[in-house]
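Coordinate analysis (summary)
Each chain is listed here by its residues.
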2 protein chains.
Amino acid sequence: MKIALDAFGGDNAPDEVIKGAVSAIADFAAGGSPVEIILTGDENTIKSRISALGVSDKNITIVNADGVIKIEDDPMSIRTTKKESSMGKAFALVASGEVDAFVSAGSTAALVVGATMLVGRMKGVKRPALAPLMPGINGFYMLLDGGANMECRADMLAQFGVMGSIFMQKIMGVENPRVGLLNVGSEREKGRELEMKAYEALQNAPVNFVGNVEGRDPIANLCDVAVTDGFTGNIYLKAVEGMGGFMKASLREIFSANAGSKVGYLLSKKGVKALSKKTDYREVGGSPLLGIKKPVIKAHGSSDERAFKNAIGQAINFCGAIGEIEAGIAALKEEN
Amino acid sequence: MKIALDAFGGDNAPDEVIKGAVSAIADFAAGGSPVEIILTGDENTIKSRISALGVSDKNITIVNADGVIKIEDDPMSIRTTKKESSMGKAFALVASGEVDAFVSAGSTAALVVGATMLVGRMKGVKRPALAPLMPGINGFYMLLDGGANMECRADMLAQFGVMGSIFMQKIMGVENPRVGLLNVGSEREKGRELEMKAYEALQNAPVNFVGNVEGRDPIANLCDVAVTDGFTGNIYLKAVEGMGGFMKASLREIFSANAGSKVGYLLSKKGVKALSKKTDYREVGGSPLLGIKKPVIKAHGSSDERAFKNAIGQAINFCGAIGEIEAGIAALKEEN
């Protein structure tokens, strides 16, 4: 199996990307065969960093690229002026079939455009969705769409439910995932016209639809998949991230206040670490882009070695679920 | 000054409502005169609870009512079958001018319907907005609309910005409040058609518009007023509440794990209490309903004595800002 990895995506590129690749090659295998990583980016820099880091380049291939597409760049430039960038080159490899999957911590907008236009949507999929795994009190749930599509129709939301459900089952090992529709109340008639129509579409979809869920419900793990449009999803996910950051900052403040509270930290360290692990996106990898012909994973911008390694692991597993997602979309079509 | 208080609204009614009223009468004065509270609800029950609690009924008047409008009741019934309920009777007192303001911890939906239809919108106001005060890292900010209007137009969002700004300035003492538009990115062209139009409308509004804010920004206090439609606002506020609950549950878990961590709690108690106060809605009262002719405050469903007291204090201050909000709405109209 071959995975393309954007060596210059994210805040900690290229060092943590390289270390993550090495770590993944050491730890993972795909069907008994080793995993090969194709790093895209400036070849000389990558070579010199591999050497400086003193890591092995076994099963790593470098594909030279010119520059990086930045968050502030027009995402459409991935097809034009940024075609030769580290992300652009990787998309060419996915599109041509030279690699099986792609992981990048670079610009989300460019990744969505590139995946949609250069790799292409799965048959029958109306819109691909960005599907982050979010920390809940008792484990991770999937939110989609996390921001790929600002305006959605009900049939798109039903597809999101099907794709998210299959991902959670096949990759995350959740039995019979509970799919909820993000809404302002639990009653069927709540929300906008979009939610009322999506409620019906999800009821007729081949998923375990548990009805409407409110903003606090996914966090309490009342569903495994929370479906919404990309505008609402993006606001929701950043609110959750913001409050998560508030939580961590408050803990730091509490424990660093004085000599006594520092001892307090030492006595409570185990619990603090457990909480930290529970809310750590690095544990689960990145955000898959669901509805694209090949696995494309958006790694968090601040990913480190472990996050990149786990995103690569996620991409490996994702390869085995593409066929099932396609089948799920076809089954949804038949039911509607 | 006379404030109507729904004695049977909320999870802790009527005892905490009564105690909150007594506490407010003891602590607050409006322009040198005492505050009078009109409790609405079953007269016999209220009388017997006042007696059982052993509190003074000085400056308390009871207006007898029949039953309560519940969360599961049709909110429109506040005008028909539930007209005689504790909330319905209070609305009659506001509408007739017998009281100056109204506080209730009862059904939000019924409160919005009653305020809009029985008390009425301010001149020029297109839609009233529910405006909760939300905990940020360095203090509270206002979110509106928190759920009164599922579908909004840009001109409504501009009005929300004006009303929220005046409230934060006059009642919360924020100098030159920063008004942000909740969006998926900071760049001007981000979001849906609604956000693009609202951006322009807010730029032309008589407020200190700081542009788009993302979901995590209000929590980091990058604005004092976060403007959005009621669907997005409700999802956002419940996500924030959910993560706040996650935070508190995690702290409890950390500190109760074992004998050592219990000592850890004792050593860190001051910081934990400071955090708890920082995120405590009871400190600020309730959620004002902005754009109604008279002050109407939605107190949190789980309000206790202190929360009811502070919501009454907020209602008293709110009375002095109604004229300014009306003037702000008129000024906005002139500029557009």
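This report concerns the structure included in the present document. (Residues numbered from 1 in each chain as written. Chains lettered and ligands numbered in written order. Predicted model: local features only at pLDDT ≥ 70, side-chain atom pairs only at ≥ 80, totals over all residues. Heavy atoms only, no water.)

Quick notes on the interface of chain A and chain B
- Each partner contributes residues to the interface: chain A has 47 residues there, and chain B has 47 residues.
- Together, the buried faces of chain A and chain B total about 4200 Å²; carbon and sulfur atoms form 75% of this surface.
- The largest contributions to the chain A side of the interface with chain B come from Phe231, Met243 and Phe246 of chain A, which together make up 17% of the buried area.
- With a shortest N-O distance of 3.0 Å, Arg216 of chain B and Glu241 of chain A are connected by a salt bridge.
- Viewed at the interface, chain B and chain A are joined by eight residue pairs in polar contact (both at pLDDT 80 or more).
- Counting residues per element, the ones that place at least two in the side of chain A that touches chain B are strand S8 (133-136), helix H6 (193-203), helix H7 (230-256) and helix H8 (259-278) of chain A.
- Tallying contributions element by element places H7 of chain A first for the side of chain A that touches chain B, with 19 residues.
- A breakdown of the residues in the side of chain A that touches chain B according to their chemical character gives 21 nonpolar, 16 polar and ten charged. (Contact = heavy atoms within 4.5 Å. Buried area = accessible area lost by both parts, 1.4 Å probe. Salt bridge = Lys/Arg side-chain N within 4 Å of Asp/Glu carboxyl O. Polar contact = N/O pair within 3.5 Å; in protein donor to acceptor, adjacent residues only side chain to side chain. Helix = DSSP H or I, 4+ residues; strand = E, 2+ residues; numbered from the N terminus. Nonpolar A, V, L, I, M, F, W, Y, C, P; charged D, E, K, R; others polar.)

Notes on the packing of H7 of chain A against H8 of chain A
All names here are of chain A.
- Packing of H7 against H8 brings their axes to within 9 Å, and their N-to-C directions diverge by 155 degrees. With respect to their mutual orientation, H7 and H8 come out roughly antiparallel. Between H7 and H8, the contacting residues are Met247, Leu251, Ile254, Phe255 and Ser256 on the first element and Ser261, Lys262, Gly264, Tyr265, Ser268, Val272 and Leu275 on the second.
- Considered class by class, the residues forming the contact of H7 with H8 number seven nonpolar, four polar and one charged. (Axes fitted to C-alpha atoms, helices over the stretch in contact; angles between N-to-C directions. Parallel < 35°, antiparallel > 145°, perpendicular 65-115°, else oblique.)

Quick look at the state of the cysteines
- For the structure on display, the rule yields zero disulfides over all chains.
- The closest cysteine sulfur to the non-disulfide-bonded Cys223 of chain B is located on Cys152 of chain B, 17 Å from its own sulfur. (Disulfide = S-S within 2.5 Å.)

Brief notes about the side chain of Asn149 of chain B
- As for its placement among the helices and strands, Asn149 of chain B is situated in the loop between strand S9 (139-144) and helix H5 (154-170).
- Ignoring any residue separated from it by four or fewer positions in sequence, one finds Asn149 of chain B in contact with Arg127, Pro128, Ala129, Phe160, Asp229, Gly230 and Phe231 of chain B.

Examining the pairing of strand S9 (residues 139-144) of chain A
Residues and elements named next belong to chain A.
- Burial within S9 is extensive, with six of its six residues counted as buried.
- Pairing analysis gives four bridges linking S8 to S9, with the strands arranged antiparallel. Paired with Gly136 across the strands is Gly139, a residue of S9.
- Between the end of S8 and the start of S9, which pair antiparallel, lie two residues.
- Of the strand pairs in this sheet, S9 and strand S12 (residues 225-227) are connected by three bridges, and their pairing is parallel. Note that in S12 the partner of Met142 across the bridge is Val225. (Buried < 20%, exposed > 50% of the residue type's maximum accessible area, 1.4 Å probe, protein only. Pairing = 2+ DSSP bridges.)

Description of the relation of the copies chain A and chain B
- Mapping chain A onto chain B leaves a residual RMSD of 0.0 Å; the transformation is a rotation of 180 degrees accompanied by 0.0 Å of translation along its axis. What the superposition gives is, in effect, a two-fold axis relating one chain to the other. Residues of chain A ranked by C-alpha distance from the rotation axis are headed by Gly264 of chain A, positioned 1.8 Å from it. (Least-squares fit on C-alpha atoms with pLDDT ≥ 70 in both.)

Structural notes on the environment of Lys126 of chain B
Residue and element names in this part refer to chain B.
- Structurally, the position occupied by Lys126 is in the loop between helix H4 (108-119) and strand S7 (129-130).
- Using a relative accessible area of 30% as the deciding quantity, one classes Lys126 as partly exposed.
- Once the C-alpha coordinates of Lys126 and Ser268 are considered, the two residues, 142 residues apart in sequence, prove to be 49 Å apart.
- Residues in contact with Lys126, not counting those within four places in the same chain, are Arg121, Arg153, Asp155, Met156 and Gln159.

A word on the packing of helix H1 (residues 15-27) of chain A against helix H2 (residues 43-53) of chain A
Residues and elements named next belong to chain A.
- As a packed pair, H1 and H2 sit with axes 10 Å apart at the nearest point and diverge in direction by 70 degrees. Comparing their axes, H2 and H1 come out roughly perpendicular. The element H1 and its partner H2 pack so that their crossing is right-handed. Mapping the contact onto sequence places Asp15, Ile18 and Lys19 in H1 and Ile46, Arg49, Ile50 and Leu53 in H2.
- A breakdown of the residues in the contact of H1 with H2 according to their chemical character gives four nonpolar, no polar and three charged. (Left-handed = near helix turned anticlockwise from the far one by under 90°.)

Re the sheet that holds strand S1 (residues 2-6) of chain A
Residues and elements named next belong to chain A.
- With mixed pairing, seven strands are arranged side by side in an open sheet as S5-S4-S1-S6-S14-S13-S7. Edge positions in the sheet fall to strand S5 (60-64) and strand S7 (129-130), since each of these pairs with one other strand and no more.
- As paired elements, S7 and strand S13 (residues 287-290) share two bridges and run antiparallel to each other. By the bridge assignment for S13, Ala129 is matched with Leu290.

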